[in-house]
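# Report on the structure
Given next are the chains, with one letter for each unit.
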Amino acid sequence: MAEQEINIIVLPELAFNCRDTRYPILMSNWVVGCGPSGRVDRAFSIATKQVARFTVKQETVGMGVFPFMGSHGRLSLQKQKLDKSQRIITAMIAPPISDEERVAYLGQDFVALRKAGQTYRQVAQPRAWYPPALFDSGVAWVEDDGQRGEDIWMWKDEQSPKRIAGGKMPQRHVVGSGPYVAWVEDQRIVIFDSRTEEQDVIAAQVVDRISLTDKTVCWSQWNQRDIDVHCSDGFSLRRPGHQVWPMRQGKWLLFRDIGRQTPVLMEIP
Amino acid sequence: MRMMQGLAGLWLLAVAILVMYLDPVQSIRLAAFKRFIIGFLVALLWGGACLQIGAFAWKRLKVEGPVGWDQALLLGLGCWGVLLFLPATLGWLGHLTSGAVLMLMLLTIRHRAPIRWPVVPWWGWAICAIVACWVVIEASAPAIDTDAVYFHLALPKQMWLQGELLGGFLHPNASRPMLLHLPYAALFGWGGESAISLFHGLLSLALLLSVVERGEQWHRFAGLWAVVLMLGSWSFVLELGLASNNLPTAFACWLTMFLCFQLRYTAAAIFAAIALSLKFTAIGPLVGIWALLIQGWKHRAKVVVVVVLCMAIWPLWNWGHDLHPLFPYVGWPQQFPFQYLEKYGMGRDVWAFLLLPWNVIMYAEVDKLRFLGRLNPLLLGAIPLLFPQLWQDGKLRKLAVVVLIAAVFWALGPHWIRHLLPMFPLLVLVLGVALARAPRGLQILAFAVWFVGLWSNATPFVERIAHRWPAALGQLDADRYRAQHVRGWQTMRWASNQLPEDAVPAILFAWAGVAMDRPYVMSSVEDHVPVRHWLLHYQHDALDQLKKQGVTHLVIGNDRFLGKSYPFVSKKDFQALFVYPTNLLAELLVAEAELVYAAEGYKVYRLLEKRVLVPE
């Protein structure tokens, strides 16, 4: 087998403990992370290998494409400019999620989707802390099942919200990509096709979170000795120590080693 | 005529009610007013019950003459705590049993000793009335003080929710004597948190009144000077409206002292036992009182026996639960230090001890470990005025030595101004007498010193009342207010409200237990001793052992210790006792728990049953 050079970028400028443990994360071609204050205030550009410092800091800035910097508005990572007109004024119970055209966020008793300048709301009882997930034709989120447990609900365009996963076991860490939605359910990962409403199941006990790129999901899991990253397309990262909080976007995988603050970016061959 | 007066009275009442109701800016919110009224009435009811049973107990002690109103109140508090001990031990603490105790306390009205009501000059009442305004504001606003949110409110609430006396390694704070916290639990059950704070406020005002009354009996205007010294010291003023145990302990020591002067040693012994059962820090002034104010070794021995017998229930309770009798102060396996005295104050070498009176007045800061409080400089400035009096007045001389002994005990412990409060009334009385007897010119100068020192003591008062006032009136949402002032409040409330009904969280590296409306274990004391000990003791089984105790979730606060905050701990010990447990917890969390919520650096984890491993 021919040897392949693996492109690994270590990110010492982002080597700070974030108050929101989910950071740093990948947002388009950037790694968004924290400074010494533990608040999100900087981003590393994969293209230019430069670190851009934000003018404001937030404990959490959302997931997806754009960081949302509270009352200061939405930050364009490319232009490093804040757009106050895009700010989310409502009190949110979880980080928002955005793509190029939409942003979804959760309030105490609603789920909201903003697109083309319009905001649409539906009554809901979302669980706090878990961000919603955007897929092609709608948004999914973790909903309170009425007994302080977790179900997955989906709200597709032109339809009413409905439950797509429930039951005794908690369903959480919902993510979306393309037409797919994935979540963690007890000791498995479920990948749901929003077009056909069919589900694929992967047996896995996820350590922290999952990430979804098209239909490929990645997660951290214990082996006999340590925690490694596994992806459903067959890729797995096995190296000494525990690799946690994986996030994959396209060919880039972001993860951290427990005990070392420095996040690592790896290009998947 | 009478009808006109009646109508006028009704009109006045209607105006009072309607002005609150129709206020366009709603200065007082109905919910806050309701909370205050309920808390106040409950506090008043139980306070009245304390007076009755205290006077009844006084008669049983066969002490001649009427009982002082202040003596009846404190003795009644002690009786109340003892009466609740049995149902709490049996796990029967609730409305029924506490109600039965209340009835029992009130029924003693027929058989009690006559009560000698306060005889206080008009200005004493005026001062108390003004101070009462502050006490009401402070006690009505949601508590944010650390000692209240992890101990003085949190523990009674837990005892009430669980219906029993707690203790042991999962509730180490409850292994302290609970003579005050059992009544606090009953107050919580009947009137909520504000009943506890308002009851404490009533006790504090009673202490103030007692200092005026007894100080004036000692010497004219000694009571006035004593109260001036008290109210010129922020650390005392702050305590007035908090839910705490320092001022009740001070009250008990204060009354013990007077009983000894009256040669009523049996009663004094019981009050001393009450003081020690409220807070062990009372030992300082009590040793001084015992050594100087009790005449004859026969009486001294008798007092010790009575105190030990009265106090025995607390160490016996610990011993019966396989704990060291003085747990949690000692008795941690593996020689785990409970407290680092070096953390507080300005050093513990000989020079620092000698300069302690100077340093505690000149350099104390209210929000730093450098004494954690502020006192009026007249406490230092008035000392030379004492010396001429000591030669002439034997009684004052004895009291001055008692204060000195108490001060030495304080100096041996953590240099925290709050721990000085149990001896504070004795100190201000001694200085008050000296000031009252001083020449007028010196008194004017003394007042000027007091006034100059007032600014550094009044500044924290003004800063505090600025946010306590709207909180007390209900203008701020209680949860939102507490989230601004209590670290981890939002996460604690989420865990309380959003975890499954049967979930039992363990609070690790966090303080705000009072945020939980459900049973929990652990919480903190000193340098997060419970969780560090648990991790060091059980190592990799630590989370398993918690699961065996029924714990389902973990609420984890800031678990990072900074080495520079512990310069008195060797690097090796710091690694072993502080860094290692936090790293061990991080390792265990990855393997045995799942993060389900986080906010402001605080996290909630669900404990997993087991991990599934991927075969190699």
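Residues numbered from 1 in each chain as written. Chains lettered and ligands numbered in written order. Predicted model: local features only at pLDDT ≥ 70, side-chain atom pairs only at ≥ 80, totals over all residues. Heavy atoms only, no water.

### What about the overall build of chain A?
The helix and strand tally for chain A stands at zero helices and 27 strands. With the C-alpha coordinates of chain A rotated into their principal frame, the extents come out at 50 × 45 × 30 Å. When burial is assessed residue by residue, chain A has 58% of its 269 residues classed as buried. A separation threshold of at least 6 residues defines the contact pool for chain A, and within that pool the share at least 24 residues apart is 36%. Surface accessibility of chain A: about 12,000 Å² in total, with carbon and sulfur atoms responsible for 46%. In chain A, which carries 34 positive and 32 negative side-chain charges, the distance between the mean positions of the two groups comes to 6 Å. (Helix = DSSP H or I, 4+ residues; strand = E, 2+ residues; numbered from the N terminus. Buried < 20%, exposed > 50% of the residue type's maximum accessible area, 1.4 Å probe, protein only. Contact = heavy atoms within 4.5 Å. Areas by Shrake-Rupley, 256 points an atom, 1.4 Å probe, with all protein chains shown as cover. Lys, Arg positive; Asp, Glu negative; His and termini not counted. Charge placed at Lys NZ, Arg CZ, Asp CG, Glu CD.)

### Side note on the overall build of chain B
Along chain B, the regular secondary structure elements total 27 helices and seven strands. In terms of C-alpha radius of gyration, chain B reaches 25 Å, essentially the compact-globule figure of 25 Å for 616 residues. Principal-axis analysis of the C-alpha atoms gives chain B an extent of 90 × 70 × 50 Å. Per-residue burial for chain B yields a buried fraction of 58% across its 616 residues. By sequence separation, contacts in chain B at least 24 residues apart represent 74% of the contacts at least 6 residues apart. (Rg over C-alpha atoms; globule rule 2.2 N^0.38 Å.)

### Considering the interface of chain A and chain B
The extent of an interface is frequently quoted as the accessible surface area lost upon association of the parts. On the chain B side, the residues contacting the 26 residues of chain A number 28 residues. A buried area of about 2,500 Å², summed over both sides, lies between chain A and chain B, and 47% of it is on carbon and sulfur atoms. Taken as a group, Trp129, Arg148 and Trp222 of chain A account for 27% of the area that chain A buries against chain B, more than any other trio of residues on that side. Two residues, arginine 606 of chain B and glutamate 150 of chain A, come together in a salt bridge whose shortest N-O distance is 3.8 Å. (Buried area = accessible area lost by both parts, 1.4 Å probe. Salt bridge = Lys/Arg side-chain N within 4 Å of Asp/Glu carboxyl O.)

### Points about helix H1 (residues 2–22) of chain B
Taking 1.5 Å of rise per residue, the 21 residues of H1 of chain B would be expected to cover 30 Å, and the 29 Å separating its terminal C-alpha atoms lies within 8% of that figure. Counted residue by residue, H1 of chain B has zero buried out of 21 residues, so it is predominantly exposed. (Expected span 1.5 Å × (residues − 1).)

### Observations concerning the sheet that holds strand E26 (residues 252–257) of chain A
All names here are of chain A. Read across the open sheet, the four strands follow the order E1-E27-E26-E25; overall the sheet is antiparallel. If you trace the sheet from one side to the other, it starts and ends with strand E1 (8–10) and strand E25 (243–249), each paired once. Each adjacent strand pair in this sheet contributes to an overall mean axis angle of 20 degrees, direction not counted. Bridge count for E1 against strand E27 (residues 263–267) is three bridges, and the pairing is antiparallel. Counted as the bridge partner of isoleucine 9 is leucine 265 from E27. (Pairing = 2+ DSSP bridges. Axes fitted to C-alpha atoms, helices over the stretch in contact; angles between N-to-C directions.)

### Concerning the packing of helix H8 (residues 181–218) of chain B against helix H10 (residues 234–241) of chain B
Residues and elements named next belong to chain B. Viewed as axis vectors pointing N to C, H8 and H10 meet at an angle of 135 degrees, and their least axial separation amounts to 6 Å. Considering the angle they form, H8 stands oblique to H10. In contact with Ser197, His200, Gly201, Ser204, Leu207 and Leu208 of H8, H10 contributes Phe236, Glu239, Leu240 and Gly241. Looking at the contact of H8 with H10, its residues break down into four nonpolar, five polar and one charged. (Parallel < 35°, antiparallel > 145°, perpendicular 65-115°, else oblique. Nonpolar A, V, L, I, M, F, W, Y, C, P; charged D, E, K, R; others polar.)

### Describing the pairing of strand E4 (residues 40–45) of chain A
Residues and elements named next belong to chain A. Of all six residues that make up E4, six are buried, and the element is covered over most of its length. Two elements, strand E3 (residues 30–34) and E4, share five bridges in a ladder whose sense is antiparallel. By the bridge assignment, tryptophan 30 is partnered in E4 with serine 45. Between E3 and E4, which pair antiparallel in sequence order, lie five residues; one of them, glycine 38, sits at a positive phi of approximately 85 degrees. Here E4 pairs with strand E5 (residues 51–58) via four bridges, running antiparallel. The residue bridging phenylalanine 44 from the neighbouring strand is valine 51, located in E5. Counted along the chain from E4 to the antiparallel partner E5, the turn is five residues long, and its residue lysine 49 has a positive phi close to 60 degrees.

### Description of the pattern of salt bridges
Evaluation of the coordinates by the stated rule reveals 36 salt bridges over all chains. The salt bridge involving arginine 214 of chain B is made with aspartate 70 of chain B; its shortest N-O contact spans 2.8 Å. With arginine 214 of chain B in helix H8 and aspartate 70 of chain B in helix H3 (residues 69–89), this residue pair connects regions lying 144 residues apart in the sequence. Judged by relative accessible area, aspartate 70 of chain B falls into the buried class, the value being 0%. With its nearest N and O atoms 2.7 Å apart, the salt bridge here joins aspartate 527 of chain B to lysine 343 of chain B. A residue pair is termed long-range when its members are at least 10 positions apart, and aspartate 527 of chain B in the loop between strand E4 (521–522) and helix H25 (529–538) and lysine 343 of chain B in the loop between helix H15 (313–320) and helix H16 (350–354) qualify at 184 residues. Lysine 343 of chain B carries the same exposure label as aspartate 527 of chain B, and that label is buried. Counted as one network, the salt bridges with shared partners bring together Arg127, Asp144, Glu150 and Arg172 of chain A together with Glu594 and Arg606 of chain B.

### With respect to the nonpolar core
The nonpolar side chains of a soluble globular protein tend to be buried, and buried together. In this structure, Val32 and Leu265 of chain A together with Leu74, Trp80, Trp254, Phe424 and Leu554 of chain B are the most contacted members of the largest nonpolar core, which totals 289 residues. Among the elements that line this core, the one with the most residues is H8 of chain B, at 19 residues. Among all residues touching leucine 554 of chain B, those that are not within four sequence positions of it are Ala506, Leu508, Leu543, Leu546, Leu589, Lys603, Val604, Tyr605 and Leu607 of chain B. Counting 13 residues, the second largest nonpolar core, distinct from the first, contains Ala182, Ile191, Val206 and Val217 of chain A. (Core = buried A, V, L, I, M, F, W, Y, C linked by side-chain atoms within 4.5 Å.)

### Considering the pairing of strand E23 (residues 227–231) of chain A
Residues and elements named next belong to chain A. E23 sits mainly inside the fold: five of its five residues count as buried. Because side chains alternate across E23, one face comprises the buried residues Ile227, Val229 and Cys231, and the other comprises Asp228 and His230, equally buried. The pairing of strand E22 (residues 216–222) with E23 spans five bridges and is classified as antiparallel. When the sheet's bridge partners are listed, cysteine 218 is paired in E23 with cysteine 231. Where E22 folds back onto E23 in an antiparallel hairpin, the turn is made up of four residues.

### Observations concerning the state of the cysteines
Residue and element names in this part refer to chain A. Applying the stated rule across the entire model yields two disulfides over all chains. Covalent S-S linkage joins cysteine 18 and cysteine 34, the inter-sulfur distance amounting to 1.9 Å. Between cysteine 18 and cysteine 34, the S-S torsion sits near 125 degrees, and that sign places the bridge as right-handed. With cysteine 18 in the loop between E1 and strand E2 (25–27) and cysteine 34 in strand E3, the pair connects residues that are 16 residues apart, well separated along the chain. Residue class for cysteine 34 comes out buried when judged on its relative accessible area of 0%. Shown here is the disulfide that connects cysteine 218 with cysteine 231, its sulfur atoms set 2.0 Å apart. (Disulfide = S-S within 2.5 Å.)

### Notes on the sheet that holds E4 of chain A
Residues and elements named next belong to chain A. One open sheet accounts for four strands, arranged E2-E3-E4-E5; its pairing is antiparallel. In the strand order of this sheet, the two ends are held by E2 and E5, each with one partner. The average angle at which neighbouring strand axes cross in this sheet is 30 degrees, direction not considered.

### Details of H25 of chain B
Residue and element names in this part refer to chain B. Of all 10 residues that make up H25, eight are buried, and the element is covered over most of its length. Listing the buried residues of H25 in full gives Val529, Pro530, Val531, Arg532, His533, Trp534, Leu535 and Leu536. On the buried face of H25, the contacting elements are strand E3 (505–508), E4, helix H26 (542–548) and helix H27 (571–592). Among the residues trailing H25, glutamine 539 stands out with phi positive, at a value near 50 degrees.

### Some details on the side chain of arginine 102 of chain A
All names here are of chain A. With respect to the helices and strands, arginine 102 occurs in strand E10 (residues 102–107). At 2.8 Å, the side chain of arginine 102 forms a polar contact with the backbone oxygen of phenylalanine 135. Sequence-distant contacts of arginine 102, that is, excluding residues within four places in its chain, are made with Ile97, Leu113, Arg114, Lys115, Leu134, Phe135, Asp136, Ser137 and Gly138. (Polar contact = N/O pair within 3.5 Å; in protein donor to acceptor, adjacent residues only side chain to side chain.)

### Re the environment of lysine 115 of chain A
All names here are of chain A. On the secondary structure map, lysine 115 appears in strand E11 (residues 110–115). Assessed through its relative accessible area of 26%, lysine 115 is described here as partly exposed. Taking the C-alpha atoms as reference, lysine 115 lies 16 Å from glutamine 159; in sequence the two are 44 residues apart. Filtering out sequence-adjacent residues up to four positions away, lysine 115 remains in contact with Glu101, Arg102, Tyr120 and Asp157.

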